Amino acid sequence: MADIVSTLFISLDGVAEIAEDWHFPYFDENMGRAVSEDYAPADVLLLGRVTYDSFAGAWPDREAAGEDDAAFAKSLGDRRKIVVSRKPLESTWRNTERLDGDLVEAAAALKADPSIASILIPGSISVVQQLLAAGLVDELRLLVHPVAARNGRRLFEDGDVRYHLSLLKSETFPTGVVRLLYAPASAPGKTTYEDIKDMGPGTRTDD
């Protein structure tokens, strides 16, 4: 089964709809390396329409410009890109197709495709939210910026279902950005105050 991996830039208050004024000041070579690591194994990019339009409006031109980011731009163009959209695509960016039918069913079919090892969802908050709810996200990679954005769309909106996660890896960059890699986890057992009161403040731990 292919892995579905989500990668997101996110603020301390959970905003994943990035704005240039709080994202770009924290971008450095460490974040560039992390982004490269996220994209490198991906056979397929699964994109929401807003993210796709942003990518398609920039990366083909950057590839053509032949500057420092041209190699990365080319790698995006060469990859298979599947776009979640109800409307026809206007861009002619190569290797792009529009997802047919239900997102959850299509994502499950992609996971089961033996020719695919890894599916990356860059940004695309609504796509990530739907696949998290369906239990189809295998890894959640967050680059947490040391800023409270105060407005913008959040990854985890209000709801009744809690998502329990297991921390696979953490890394702190000199800018204060923290890279966190999570996998879904089972809920811990029920715990009450009586179970933890001997671990609280002022409790002696020495004999």
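Please refer to the structure higher up on the page.
Residues numbered from 1 in each chain as written. Predicted model: local features only at pLDDT ≥ 70, side-chain atom pairs only at ≥ 80, totals over all residues. Heavy atoms only, no water.

So, the nonpolar core
Core analysis: the largest hydrophobic core is formed by 29 residues, its most contacted members being Leu46, Ile119, Leu131, Leu142 and Leu155. Elements with a contribution of two residues or more to this core: strand 1 (3-11), strand 2 (44-48), helix 6 (103-112), strand 5 (118-122), helix 7 (125-133), strand 6 (139-145) and strand 8 (178-184). Per-element accounting of this core gives the leading share, 5 residues, to helix 7. Once residues lying within four places of it in the same chain are set aside, the contact partners of Leu142 are Leu8, Ile10, Leu155, Val178, Arg179, Leu180 and Tyr182. Residues Leu45, Leu47, Ala73 and Phe173 belong to the second largest nonpolar core, which totals 20 residues. (Core = buried A, V, L, I, M, F, W, Y, C linked by side-chain atoms within 4.5 Å. Buried < 20%, exposed > 50% of the residue type's maximum accessible area, 1.4 Å probe, protein only. Helix = DSSP H or I, 4+ residues; strand = E, 2+ residues; numbered from the N terminus. Contact = heavy atoms within 4.5 Å.)

What about the packing of aromatic side chains?
Across all of its chains, the model carries 4 aromatic pairs by this definition. With 5.2 Å between their ring centres and 85° between their planes, Tyr39 and Phe72 make a pair best called edge-to-face. Placement of Tyr39 in helix 2 (residues 29-39) and of Phe72 in helix 5 (residues 70-78) is noted, with a sequence separation of 33 residues between them. Note on Tyr39: relative accessible area 7%, which makes it buried. The exposure class assigned to Phe72 is partly exposed, which follows from its relative accessible area of 23%. Within the aromatic cluster, the residues linked to one another by ring pairs are Tyr39, Trp59 and Phe72. In this structure, Arg62 is placed above the aromatic ring of Trp59, and the distance from its NZ or CZ to the ring centre is 4.5 Å. (Phe/Tyr/Trp six-rings, centres within 6.5 Å; stacked < 30°, edge-to-face > 60°. Lys NZ or Arg CZ within 6 Å of the ring centre and 35° of its normal.)

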